[in-house]
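# Residue-level structure breakdown
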Amino acid sequence: MTRAALETRLSMLIQTHGDLAILCEELANEPTLYLDTEFVGEGRYYPDLGAIQVAAGDTAALIDPIAIQDLTPFLELLADPTKEKVFHAASQDLAIFYRLMGVPMAPVYDTQLAAALLGPDEQIAFVHLVERITGNRLRKEHSFTNWLQRPLAPGQIDYALDDVRYLIPVHQAQVKRLEEMGRTEWAREEFTRFERAETFAPQDPESLFLRIRNVDRLGGRTLAILQELVAWREETARAENIPSGRIARDEVMVELARRPPAELKQLRDIRGLTSQQAERFGRQMLNAVVEGSRRPVPKVPGRTSFPSAMEPTVDFLFVCLRSLAVEKSVATGMVATRSDMSQLAVRGAEADISLMRGWRRGAFGEELLATLDGRATARIIPETREVHLEWTAA
């Protein structure tokens, strides 16, 4: 489809509640909605939404969420389970809509994930995917524009609408290719995670300390204080809508837990804590330290020991994984990681990894288990220098 054909769609800027209601009426009978958002996330815990783009049928519209405070008609349209909602790299967009709607939308389709099921690119940019499928090169001049500033320039609006106009031919081409390759159910299985509330619901602040690097090397009262400090930092970041790192870095949290200060002046000795952070948050930090010293010591999962002698096994499994991914035209990262190969090497079919479930097990897992059983030989084909796997009978 040519650029001219795509741009003949009726394009609209929606800035009033009345126009939004009319747009939603026009889209009510469309089975598929093509969606994108523009937002500003820098310096914020939650990104500020600057624009919502939607296309369907002969319509492409940019909804101004700054001018329209009540988006209810559009959100009700998105909640319709009979309409497929198509995005590219859906995670951030869906997180924004989850906050607006309070529930996840379904069904969802992600062209970036679908591309990884149809070729080697795990996180292909939309501009490259569009060029590959349509031959058209999208304009990039507004990539870093301020989407919160008003009025929006005509060039900004046209740039934003391209992101949904071109979703249509990309989606249509992918649906056809997925069907041809027998991977429609693979894609459906991947997209279901976007349709679960737990994917976007805020994580329990009490468990976030487990993300701290080398937390399993800490113990006793240090762990209890760290848990309280990290939970306090997360709750404060959400309440003030600032990144948690603006309050204090992870290294500072660990140092506060290891050497609990009793007075504000002791915060000056904490490396990495700025004077501005100490002044603004110091008293709350001290309170969190006191509260943490009173709480029970939390349990931390220990590290799984891995025999160094098995590193070559993991190397070989990963080579086989990559070879299979090339042969089957799937992005390696969509199937499994090197960490997964480590678990597979130790636990085999009992490994608690996605490779042992769903489409991954049928398409890749069984062959990698056979590799672990010594039934695969890898060799390099001299003419192409590619790795080829050969199998022996069970």
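Preceding block: the structure.
Figured I'd write up the structure that's included with this text. (Residues numbered from 1 in each chain as written. Predicted model: local features only at pLDDT ≥ 70, side-chain atom pairs only at ≥ 80, totals over all residues. Heavy atoms only, no water.)

## Re the pattern of salt bridges
This structure, assessed with the given rule, holds 27 salt bridges. We note a salt bridge from Arg165 to Asp162, for which the minimum N-O separation is 2.9 Å. Here Asp162 and Arg165 lie together in helix α7 (residues 154–165), a separation of 3 residues that amounts to about one turn. Both residues of the pair, Arg165 and Asp162, count as buried. Of the charged contacts, one joins Arg238 and Glu234 as a salt bridge, the two residues approaching to 3.6 Å between their closest N and O atoms. Pair noted here: Arg238 and Glu234 are both in helix α11 (residues 220–240), with a separation of 4 residues, about one helical turn. Neither Arg238 nor Glu234 differs from the other in exposure class; each is buried. It is possible to trace a salt-bridge network through shared partners that takes in Arg139, Asp158, Asp162 and Arg165. (Salt bridge = Lys/Arg side-chain N within 4 Å of Asp/Glu carboxyl O. Helix = DSSP H or I, 4+ residues; strand = E, 2+ residues; numbered from the N terminus. Buried < 20%, exposed > 50% of the residue type's maximum accessible area, 1.4 Å probe, protein only.)

## Examining the packing of helix α9 (residues 184–191) against helix α17 (residues 358–372)
Following both chains from N to C, one finds α9 and α17 inclined at 135 degrees, their axes separated by 9 Å at the closest point. Classified by the angle their axes make, α9 and α17 are oblique. Only Gly358, Trp359, Arg360 and Ala363 of α17 make contact with α9, whose side of the interface consists of Trp186, Glu189 and Glu190. Residue composition of the contact of α9 with α17, by class: 3 nonpolar, 1 polar and 3 charged. (Axes fitted to C-alpha atoms, helices over the stretch in contact; angles between N-to-C directions. Parallel < 35°, antiparallel > 145°, perpendicular 65-115°, else oblique. Contact = heavy atoms within 4.5 Å. Nonpolar A, V, L, I, M, F, W, Y, C, P; charged D, E, K, R; others polar.)

## So, a nonpolar patch on the surface
Residues Val319, Ile380 and Val387 make up a contiguous nonpolar surface patch of about 230 Å² in total accessible area. The residue Val387 is located in strand β8 (residues 386–391) in this model. The partly exposed category is assigned to Val387, whose relative accessible area is 35%. (Patch = residues over 30% accessible without salt bridge, like charges linked within 9 Å, V, L, I, M, F, W, Y side chains within 5 Å. Areas by Shrake-Rupley, 256 points an atom, 1.4 Å probe, with all protein chains shown as cover.)

## Things to note about the nonpolar core
Ile63, Phe74 and Leu355 are the most contacted members of the largest nonpolar core, which has 89 residues in total. In contact with Leu355, other than residues within four places in its own chain, are Val335, Ala336, Met341, Leu344, Arg360, Arg361, Phe364, Gly365 and Leu368. One finds Leu208, Ala248, Phe281 and Val289 within the second-largest nonpolar core, a separate group that totals 28 residues. (Core = buried A, V, L, I, M, F, W, Y, C linked by side-chain atoms within 4.5 Å.)

## Comments concerning the sheet that holds strand β6 (residues 108–110)
In space, the 6 strands of this open sheet follow the order β1-β4-β3-β2-β5-β6, with mixed pairing throughout. Both edges of this open sheet fall to β1 (10–14) and β6, since each of them pairs with a single strand only. For this sheet, the mean inter-axis angle between neighbouring strands, taken without regard to orientation, is 25 degrees. (Pairing = 2+ DSSP bridges.)

## Observations concerning the packing of aromatic side chains
By the definition in use, this model includes 8 aromatic pairs. When the centroid spacing of 4.8 Å and the interplanar angle of 75 degrees are considered together, the rings of Tyr45 and Tyr46 count as edge-to-face. Taking relative accessible area as the criterion, Tyr45 reaches 25% and is therefore assigned partly exposed. Residue classification places Tyr46 among the partly exposed positions, given a relative accessible area of 23%. A network of ring pairs unites the aromatic residues Trp186, Trp359 and Phe364 as a single cluster. (Phe/Tyr/Trp six-rings, centres within 6.5 Å; stacked < 30°, edge-to-face > 60°.)

## Brief notes about the packing of helix α5 (residues 111–118) against helix α8 (residues 167–180)
Viewed as axis vectors pointing N to C, α5 and α8 meet at an angle of 35 degrees, and their least axial separation amounts to 10 Å. The way α5 lies across α8 gives a crossing that is left-handed. Counting all contacts with α5, which are made through Thr111, Ala114, Ala115, Leu117 and Leu118, the residues of α8 involved are Leu167, Val170, His171, Gln174, Arg177 and Leu178. A breakdown of the residues in the contact of α5 with α8 according to their chemical character gives 7 nonpolar, 3 polar and 1 charged. (Left-handed = near helix turned anticlockwise from the far one by under 90°.)

## Notes on helix α4 (residues 91–101)
Within α4, the full set of buried residues consists of Asp93, Leu94, Ile96, Phe97, Tyr98 and Met101. Those residues of α4 that are buried are in contact with β2 (32–40), β3 (48–56), α3 (72–78), β5 (84–87), β6 and α10 (197–200). In the stretch just after α4, Gly102 is the one whose phi turns positive, near 85 degrees.

## Some words on the side chain of Arg360
Turning to its location among the elements, Arg360 is positioned in helix α17. The buried category is assigned to Arg360, whose relative accessible area is 9%. A polar side-chain atom of Arg360 sits 2.7 Å from a polar atom in the side chain of Glu190. Only 3.4 Å separates the side chain of Arg360 from the backbone oxygen of Val335, close enough to count as a polar contact. Not counting residues up to four positions away in its chain, the partners in contact with Arg360 are Glu190, Met334, Val335, Ser354, Leu355 and Gly365. (Polar contact = N/O pair within 3.5 Å; in protein donor to acceptor, adjacent residues only side chain to side chain.)

## Some words on helix α13 (residues 275–294)
For an α-helix the count is 3.6 residues per turn, leaving residues at separations of three or four pointing the same way. For α13, built from 20 residues, the straight-helix expectation of 28 Å at 1.5 Å per residue is met to within 8% by its first-to-last C-alpha distance of 27 Å. Along its length, α13 reaches its greatest deviation from straightness, about 65 degrees, at Phe281. Gln277, Ala278, Phe281, Gly282, Met285, Leu286, Ala288, Val289 and Gly292 are the residues of α13 that are buried. Buried residues belonging to α13 abut α11 and α12 (250–258). (Expected span 1.5 Å × (residues − 1). Bend = angle between axes of the 7 residues up to and from the residue.)

## So, unusual backbone geometry
That bond from Ala106 to Pro107 is cis: its omega, -10 degrees, falls within 30 degrees of zero. Residue placement: Pro107 occurs in the loop between α4 and β6. Residues Arg150 and Pro151 are joined by a peptide bond in cis, for which omega reads 5 degrees. In this fold, Pro151 is placed in the loop between α6 (126–134) and α7. A positive phi is found at Ala89, a non-glycine position, where the angle reads about 55 degrees. Topologically, Ala89 is positioned in the loop between β5 and α4. Of note in this structure, Asn241 is not a glycine but carries a positive phi near 55 degrees. With respect to the helices, strands and loops of the structure, Asn241 is situated in the loop between α11 and α12. Of the residues examined, Asn241 reaches a relative accessible area of 24% and is grouped as partly exposed.

Taken by themselves, the reported measurements are silent on function.
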